[in-house]
Amino acid sequence: MLKDKVIVVTGGSNGIGKALVDQLLGEGAKVATCGRSQEKLDALKNEHICKDLFVAQCDVSSEEEAKGFIEKTIDHFGHIDILINNAGISMRSQFSEVSLETMRRVMEINFFGAINCTRYAIDSIIRQKGSIVGISSIAGNRGLPGRSGYSASKFALQGWMEALRSELLDTGVNVLWVSPGFTKSNVRKAALTKTVSAQGKSPLNEDKLMTPEECASLIIKAIKKRKRTLVMTAQGKLTVFMNKFFPAWSDRLTRNFFYKNGVLVK
Ligand SMILES: NC(=O)c1ccc[n+]([C@@H]2O[C@H](COP(=O)([O-])OP(=O)(O)OC[C@H]3O[C@@H](n4cnc5c(N)ncnc54)[C@H](OP(=O)(O)O)[C@@H]3O)[C@@H](O)[C@H]2O)c1
């Protein structure tokens, strides 16, 4: 079903994005991906030397670079069927201590990165009656303490995509956003601290989390079914349910989960 479809996955050199690239190529799709590190992109290209994979260095938070990446992809493959806005970064800090540059960087990548790529890909996707996908988070359904900038960026992503879905309703384009739960990846190590440096470690036992391969395969299933939304993991589904029906209780449960003795631990 995805054979020969042209699929763009932003941030495909690691984690969930890389698992998506691996599986989509395995299904015979033509895949384009980007990231900031050329070294990681070269390693990915070497891994898939005989496959239809186009890679380009690009920071999606730059409109110029995102435009260049999308235009190069269309030059290379002729059009775009599906855009998966996956590139993302997190943050860890109490809001009362955070540098506003951390808040801005997260919003620039997670929200404006998706806007930048989609704006330049949308005409081609409409012509193809394809799909626009956003990788959100449970943090886009329930604000999470210590990650207020991350939550804000994912709420923004979902609000924008909901509006876009209505705008595109009669075009044959499907709009889907997915909310993965905790998934094994580099996202916690790369998370920006209050001083805009990478946290460098994960406070979670990464081996106990959903694998990026499982996450990617659920995303691909949802794309094939042209679903509207997808919430992952039992913990994620429970969080969304509790927040919808018991919001005040959910405030307390969320506080208890992320803090020990008044200190942010996760
Ligand atoms: N893992 C989780 O628990 C989890 C849960 C919910 C949602 N998510 C979401 O899933 C998505 C993927 O995250 P992940 O967990 O797979 O993280 P990851 O392992 O850190 O991978 C992030 C990918 O995005 C790329 N990237 C980061 N900033 C970029 C930028 N400005 N421009 C272009 N590429 C960029 C990275 O490459 P470079 O560093 O080389 O640019 C890397 O390839 C994110 O949107 C994240 O918010 C993750």
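Since we're looking at a predicted model, the values are computed, not measured.

Cut-off values and rules
- Residues numbered from 1 in each chain as written.
- Predicted model: local features only at pLDDT ≥ 70, side-chain atom pairs only at ≥ 80, totals over all residues.
- Helix = DSSP H or I, 4+ residues; strand = E, 2+ residues; numbered from the N terminus.
- Near = placed C-beta within 6 Å.
- Nonpolar A, V, L, I, M, F, W, Y, C, P; charged D, E, K, R; others polar.
- Contact = placed C-beta atoms within 7 Å.
- Buried ≥ 20, exposed ≤ 12 C-beta atoms within 10 Å, placed from the backbone.
- Pairing = 2+ DSSP bridges.
- Right-handed = clockwise from strand over helix to strand, strands pointing away.
- Expected span 1.5 Å × (residues − 1).
- Arc of directions from axis to C-beta.
- Axes fitted to C-alpha atoms, helices over the stretch in contact; angles between N-to-C directions.
- Core = buried A, V, L, I, M, F, W, Y, C linked by C-beta atoms within 7 Å.
- Parallel < 35°, antiparallel > 145°, perpendicular 65-115°, else oblique.
- Left-handed = near helix turned anticlockwise from the far one by under 90°.

Undergrad: I'd like to hear about unusual backbone geometry, residue by residue, with values.
TA: Look at Asp4: it is not a glycine, yet its phi comes out positive at around 70 degrees. Tracing the sequence through the fold places Asp4 in the segment before strand 1 (6-10). Although it is not a glycine, Thr233 sits at a positive phi angle of roughly 70 degrees.

Undergrad: How would you summarise the site of the ligand if you had to cite specific residues and measurements?
TA: In the region of the ligand, 31 residues are neighbours, and Gly11, Gly15, Arg36, Gly88 and Ser185 sit closest. Here the shell around the ligand takes three residues from helix 1 (residues 15-26), the largest share from any one element. Residues of the shell around the ligand, tallied by class, amount to 12 nonpolar, 16 polar and three charged.

Undergrad: Describe in detail the environment of Met161, supporting the description with residues and values.
TA: Mapped onto the elements, Met161 comes out in helix 5 (residues 148-167). Once residues within four sequence positions are removed from consideration, Met161 is found in contact with Gly134, Val175 and Trp177.

Undergrad: Give me the pairing of strand 1: which residues, what numbers.
TA: Burial within strand 1 is extensive, with five of its five residues counted as buried. The two faces of strand 1 match: Val6, Val8 and Thr10 on one face and Ile7 and Val9 on the other face are all buried. In terms of strand pairing, strand 1 meets strand 2 (residues 30-35) through five bridges, oriented parallel. Its bridge partner being in strand 2, Val8 is matched across the sheet by Ala32. With respect to chirality, the unit in which strand 1 leads through helix 1 into the neighbouring parallel strand 2 is right-handed.

Undergrad: Now, about helix 3 (residues 63-77): what can you tell me, with residues and values included?
TA: With 15 residues, helix 3 extends 21 Å from end C-alpha to end C-alpha; this agrees with the ideal 21 Å at 1.5 Å per step. Taken as a whole, helix 3 has its buried residues at Ala66, Phe69, Ile70, Thr73 and Phe77. Mapping the buried residues of helix 3 onto a view down its axis gives an arc of 90 degrees, with all of them on the same face. Structural note: helix 3 exposes Glu64, Glu71 and Asp75 on the side pointing more than 90 degrees away from its buried face. Where helix 3 is buried, its residues meet strand 1, strand 2, strand 3 (53-57) and helix 4 (100-128). In the segment just after helix 3, Gly78 is the residue with positive phi, at about 100 degrees.

Undergrad: Could you give me a rundown of the sheet that holds strand 2, with the residues and numbers involved?
TA: Pairing is parallel in the open sheet, where seven strands are placed in the order 3-2-1-4-5-6-7. The outermost strands of the open sheet, each flanked by one partner alone, are strand 3 and strand 7 (229-231). The sheet shows a mean angle of 15 degrees between the axes of neighbouring strands, taken without regard to direction. In terms of strand pairing, strand 1 meets strand 4 (residues 82-85) through three bridges, oriented parallel. Residue pairing across strands places Val8 opposite Leu83, the latter belonging to strand 4. Against the sheet, helix 5 touches strand 5 (131-135) and strand 6 (174-179), its axis set at about 160 degrees to strand 6. Packing of helix 7 (residues 212-224) onto the sheet brings it into contact with strand 4, strand 5, strand 6 and strand 7, and relative to strand 6 it is tilted by some 155 degrees.

Undergrad: Before we move on, could you go through the nonpolar core and cite the residues and values that matter?
TA: Core analysis: the largest hydrophobic core is formed by 64 residues, its most contacted members being Ile7, Leu20, Leu83 and Ile84. Residue contributions to this core peak at nine residues, all from helix 4. Discounting chain neighbours no more than four positions away, the residues touching Leu83 are Val8, Cys117, Thr118, Ala121, Ile125, Ile132 and Val133.

Undergrad: Describe the packing of helix 4 against helix 5, with residues and values.
TA: One way to put it is that helix 4 packs onto helix 5 with a least axis distance of 9 Å and a crossing angle of 20 degrees. The orientation of helix 4 with respect to helix 5, classified from their angle, is roughly parallel. Of the two elements, helix 4 crosses helix 5, and the hand of that crossing is right-handed. Together, Thr102, Met103, Val106, Met107, Asn110, Phe111, Ala114 and Ile115 of helix 4 and Gly149, Tyr150, Ala152, Ser153, Lys154, Ala156, Leu157 and Trp160 of helix 5 make up the contact between the two elements.

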